[in-house]
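Notes for the structure review
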Amino acid sequence: MSTGTGTGIDRTSVADPPLPQQEKPPGRMVSSLWRRGPFWALLAIMIVLVVLPIGMLLLASLTDSTPRPGDPVGNFTLDNFQALFSDRGIEAMVNSVLMALGAGVVAMSIGAALAWLAARSDVPARPLVQLAGIIPLFISGFVGAMAWSLVASPQSGYVNMLLRELGIDVTLNIYSLPGIIFVAGLYYSPYAFIFVYGALTLMNPELEEAASVHGATQPRVAMRVTLPMVRPALLAAGILTFALIIEDFPIPVILGAGNGIPTLPAYVYELMTVAPSDVNGASAVGMAMIVILIALIAGQRMLLRGRSYTTVSGKGFRPGQVRLRRWRWVAFAGVLAYLSLAILVPMLALLHTAVSGAVYYAGFGDLFQTDRWSTEPLVDALTTQAFTEGLINSLTAGALAALFGVALYFALAWFVNRSNIKGRRVLEHLATAPVAIPALVMGIALMWTWIVIPLPVYGTLAVLVIAYVIRFTPQGFGGISGAFQQIHSDLEAAARVSGASALRATTYVTLPLLRTSILSAALLVVVLSIRELASSIFLFTSDTRVLSVVVFGQWENGNWSRVASMSLGYSAVLLLITVVGRRWLRPA
Amino acid sequence: MQHGPAVTPEPSGQVMTQHNPPQECMDQIVISGMTKRFGDTTAVDDLNLTVGLGEFMVLLGPSGCGKTTTMRSIAGLESPDEGSIQIGVRTVFDRARKVDLSPHQRNIGMVFQSYAIWPHRNVFDNVAFPLRMQRLDRKQVQQRVEEILELVGLAGLGKRPASMLSGGQMQRVALARSVVMQPAVLLLDEPLSNLDAKLREHLRVELRQTQQRLGTTAVYVTHDQAEALALADRIVLMRDGRIEQISTPLEMYRNPQTRFAAEFIGTNNVVAGKATEDTGGLHVAVDGGLSLVSSSTSVPGDLVVCLRAEDLIIDPPSSFDGNIIEGTVEVVNLLGSQVLYAVRVAGATLEVLAPLGATLLRRGDHVALGITPDNVRCFPED
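Residues numbered from 1 in each chain as written. Chains lettered and ligands numbered in written order. Predicted model: local features only at pLDDT ≥ 70, side-chain atom pairs only at ≥ 80, totals over all residues. Heavy atoms only, no water.

1. Topic: the overall build of chain A
Each helix and strand counted, chain A has 26 helices and zero strands in total. Of all 588 residues assigned to chain A, the portion counted as buried reaches 53%. In chain A, of all internal contacts separated by at least 6 residues, the share reaching a separation of at least 24 is 77%. For chain A, the exposed area adds up to about 26,200 Å²; of that, 64% sits on carbon and sulfur atoms. (Helix = DSSP H or I, 4+ residues; strand = E, 2+ residues; numbered from the N terminus. Buried < 20%, exposed > 50% of the residue type's maximum accessible area, 1.4 Å probe, protein only. Contact = heavy atoms within 4.5 Å. Areas by Shrake-Rupley, 256 points an atom, 1.4 Å probe, with all protein chains shown as cover.)

2. Points about the pairing of strand E3 (residues 27-38) of chain B
Residues and elements named next belong to chain B. Direction of pairing for E3 relative to strand E4 (residues 41-52): antiparallel, over a ladder of eight bridges. Following the sheet pairing, Arg37 is matched in E4 by Thr42. With antiparallel pairing between neighbouring strands as the criterion, E3 and E4 make up a hairpin whose turn holds two residues, including Gly39 at a positive phi of roughly 60°. In this structure, E3 lies alongside strand E6 (residues 82-87), joined through five bridges in antiparallel fashion. (Pairing = 2+ DSSP bridges.)

3. Description of the sheet that holds E6(B)
Whenever strands of a sheet pair, they do so through backbone hydrogen bonds, lying parallel or antiparallel. All names here are of chain B. Pairing is antiparallel in the open sheet, where five strands are placed in the order E4-E3-E6-E7-E8. Here the strands that pair on one side only, and so sit at the sheet edges, are E4 and strand E8 (99-100). Where helix H1 (residues 67-75) meets the sheet, it contacts E3, E4 and E6, and its direction lies at approximately 115° from that of E3. (Axes fitted to C-alpha atoms, helices over the stretch in contact; angles between N-to-C directions.)

4. Some words on the nonpolar core
Among soluble globular proteins, nonpolar side chains are generally buried collectively. A:Met272, A:Leu427, A:Ile480, A:Phe552 and B:Leu187 are the most contacted members of the largest nonpolar core, which totals 219 residues. Non-local contacts of B:Leu187, meaning those with residues more than four positions away in its chain, are made with B:Met71, B:Ile74, B:Ala75, B:Ile108, B:Gly109, B:Met110, B:Val111 and B:Val219. Within the second largest apolar cluster, 49 residues are counted, among which are B:Ala162, B:Leu186, B:Leu192 and B:Ala228. (Core = buried A, V, L, I, M, F, W, Y, C linked by side-chain atoms within 4.5 Å.)

5. Some words on the confidence of the model for chain B
When the pLDDT values of chain B are averaged, the result is 87; 92% of them are 70 or greater. Per-residue pLDDT stays below 50 along residues 1-24 of chain B; that stretch engages in 38 contacts with residues further than four places along the chain or on separate chains. (pLDDT = per-residue confidence, 0-100.)

6. Digging into a positive patch on the surface
Taken together, the side chains of A:Arg36, A:Lys422, B:Arg95 and B:Lys98 define a basic patch exposed on the protein surface. Along the chain, the position of B:Lys98 falls in the loop between strand E7 (90-94) and E8. A relative accessible area of 55% means that B:Lys98 is categorised as exposed. (Patch = residues over 30% accessible without salt bridge, like charges linked within 9 Å, V, L, I, M, F, W, Y side chains within 5 Å. Salt bridge = Lys/Arg side-chain N within 4 Å of Asp/Glu carboxyl O. Lys, Arg positive; Asp, Glu negative; His and termini not counted. Charge placed at Lys NZ, Arg CZ, Asp CG, Glu CD.)

7. Let's talk about the packing of aromatic side chains
All names here are of chain A. What the rule picks out here adds up to 21 aromatic pairs over all chains. Ring geometry for Phe39 against Phe415: centres 5.8 Å apart, planes inclined by 55°, an arrangement best described as tilted. In this pair, Phe39 is assigned in helix H2 (residues 31-62) and Phe415 in helix H17 (residues 385-418), connecting sequence segments 376 residues apart. Across this residue pair, the class does not change: Phe39 and Phe415 are buried. Measuring from ring centre to ring centre gives 6.0 Å for Tyr269 and Phe538, while their planes differ by 55°; the resulting arrangement is tilted. Taken as a pair, Tyr269 in helix H13 (residues 264-273) and Phe538 in the loop between helix H24 (515-531) and helix H25 (547-557) lie far apart in primary sequence, 269 residues in all. Here the two residues Tyr269 and Phe538 agree in accessibility, since each one is buried. (Phe/Tyr/Trp six-rings, centres within 6.5 Å; stacked < 30°, edge-to-face > 60°.)

8. Side note on the environment of B:Pro62
Among the structural elements, B:Pro62 can be located in the loop between strand E5 (56-60) and H1. For B:Pro62 and B:Asp240, which are 178 residues apart along the polypeptide, the C-alpha to C-alpha distance reads 9.0 Å.

9. Brief notes about helix H18 (residues 424-432) of chain A
Along an α-helix, residues three or four apart share an orientation, since each turn contains 3.6 residues. Taken together, the buried positions of H18(A) are occupied by A:Leu427, A:Leu430 and A:Ala431. Projected down its long axis, H18(A) shows its buried positions confined to an angular sector of 100°, all on one face. (Arc of directions from axis to C-beta.)

10. As for empty space enclosed by the protein
Under the definition given, this model contains six cavities of 30 Å³ or more. Size it by volume and the largest cavity reaches roughly 50 Å³. B:Leu151, B:Val152, B:Gln171, B:Arg172, B:Leu175, B:Leu203, B:Glu206, B:Leu207 and B:Thr210 are the residues that line the largest cavity. If you tally residues by element for the lining of the largest cavity, the top one is helix H5 (residues 197-214) of chain B, at four residues. When its residues are assigned to classes, the lining of the largest cavity shows five nonpolar, two polar and two charged. Considering only enclosed or pocket space, the second largest cavity measures out at about 40 Å³ in volume. In terms of lining, the second largest cavity is formed by A:Ala494, A:Val497, A:Ser498, B:Ile108, B:Gly109, B:Met110, B:Pro130, B:Arg177, B:Ser178 and B:Met181. Put simply, the parts of the chain that give the lining of the second largest cavity at least two residues each are helix H22 (489-497) of chain A together with strand E9 (108-111) and helix H4 (167-179) of chain B. Among the elements that take part in the lining of the second largest cavity, E9(B) stands out by supplying three residues, more than any other. Grouping the amino acids of the lining of the second largest cavity by side-chain chemistry returns six nonpolar, three polar and one charged. (1 Å grid on protein atoms, 1.4 Å probe; cavity = no way out; pocket = protein on both sides within 12 Å on 5 of 7 lines; lining within 4 Å. Points joined across faces, edges and corners; volume = space filled by probe spheres on them. Nonpolar A, V, L, I, M, F, W, Y, C, P; charged D, E, K, R; others polar.)

Printed below as a string of structure tokens:
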């Protein structure tokens, strides 16, 4: 050795090529089979979870019998699509489009306004405004619709009683298309908020400053720079909101179906459940909804191609703030009004109905007969076996969905972001595909799939867990995949060249760094699973009723006292999880 | 021109290093016929390259020339579409024989452009990782990590969280991690590009020192010609996935073989012209009116002429035997020990790099620029 540098590092082993271990078999391309093995396994899982159910639905929509074990295929026919073009089908389609357009505009206005206030203005209590932007994500629109039935039903709604009391000859009717639009608009505003807020805060303020420096007035800057910059975000959010509303099940069913306002989801539910049922017709209408959603999403992607002007640069921008001056408090009042309509009024109405134990009153004054108030009906409802079992089922299914879901989403995100296998784009498409499948239709498709597959899944909580895992794949995968993209792939490569296998590199480097995102995705899946109704409605059995199904059952029975009490309990559970986990809950 | 401190040009053009690489010894890396495509683009095109044991080889070229892909293929982070790679006597990749060792089976160290220091681990854990992967016992790990941290000047910082390191410290941790397991090959992917200029020069010297002390074979990727000239035993100049020229830094600087090589190394003035053969060399009529004598062996006809900024001598002595160009100073940029002038001559503006003398020329001054026929480098038009 001739180092003489005093480093004490033995370099002889450096100079000698590692002779003994040359041409070891484990590195051969034979290993590419076991490198690809997990990929093929994952692809197979996704095909069973996503492609197979859609295949079953397609089959059911084109044949004259429902898929049954041993006899999944009937005779080919196109007659089922008559259901879609019947009078009621066309009426449902028209109503659905009107509802989605109207509620979409309402939701976009609310969401974009809140986003601008929270991101760019000096509105008081900005954290509250941010909260207002996303809170409806965690309060179910299903509960909102039932609560608004109490507030503004034409006969006994609290508002209408008040109007009569004041001698105003106006009756607000929530059981109408405008009513449905109003409620759906209230609860679908968060998507617009998230997209626009993101665009506004990630935008480099120097772009706006450049416009002012070169002579543009404040409104001109807004019109010429800010608005065009956030237009892609607005467009993306608009189409997404429209798609989500058109497939929404609980709001139009609760407010419209029984009152002569059919919509597509309500029509599907009706075809499935009201005798004589026409399940093949329901499948055909379901397929039509999928086609509508695919067209919407494809249109969105086409419009947005290469048009995202806001990029995450990692630079901490301080977005410019607009001084509202005397409009400050007006804006704040608007925020409070929104919070009241979306949260406060519905919750108070539920609480009142729960503690007073009645729904029908002679006049507005009777509402405040406090001597008749009692917590007894509330406690009774929340201690029924139905409620406690539903709660346990919901929590169990939510936790299991989070556990398996996150494992699946992580594996998907790893292959999409970190492998160079050619088929990884297929995985990505499969992971985002459930966006185009209405929840209700997914429920039907899964029901047939797991009835036909001879495994003890249908009729157990497992089928609900499967439904939740699939339904929230786009969100969960999206969140984890986004986090993957923030972690430089060099970090993992460094572990690989340092002598770690691919698996070891992932567990040593990537997994710990993704901990927060994984936790966040898991919590989101729990919350969304507990909120879930439309898929669960076709998948539960008497032993596996989840909370949303229990509450929906009470509504179908018309037991309003129970509906109110259980809705409160249901919302309290969701709120509790949200509050406890708010540090990690970042909607993807 | 500035060499790395430990590099002294020998008359033969060979480069001696403090740690003379055993020239007669076997090659440490042999790449044969390597091709890598990404979709329709060919990143590396039929590359053949040999790196000697203990040699410091720099892959130089503009972005997209295939230098990083070449390095990542050596590391096993990319799988080439054709060809083979040998490290020491082991074949780590051979498309024809279906050999493709994983990165962790190749016994290499790598410093990434982003350093890739794991932010959730402390300095010690980052550096100890390769040793732990080799299942060394705790005492050995402790000892080796402390030695290597001392070598890179981070003694005592083992407990510091990696997220609290400065750029220079991160670079040193990355270097320590990549050499701690005494790899057969050390790969460095633009390791200095994220540092400010002063620190970059300082760490350049340190990096070379460390590599020489350990005698590790190194492959270094950069787009910075100054870095390549300072660090390399040999430079591989790459362009569009192919090797443009391989030579020692001095040779690369003095005798660029192609127009691309001439333009890439040094500060250049490139002008188009037409050449005619004549007694005493090539006569070049530059578009715009200049006429230059060149000792280039380029064929007559349309060609491009490269004039290095530092080869143009301002107001040469009367004994000067070469081309004289008359011009007017347009811009004066004081760089420190040197001055960069833009001089307007017939048909062109030439950049001239001159040592800072007793006086500084001023805008509007008339100057004569001298350049020897040797330094008038002519290349055929592409």
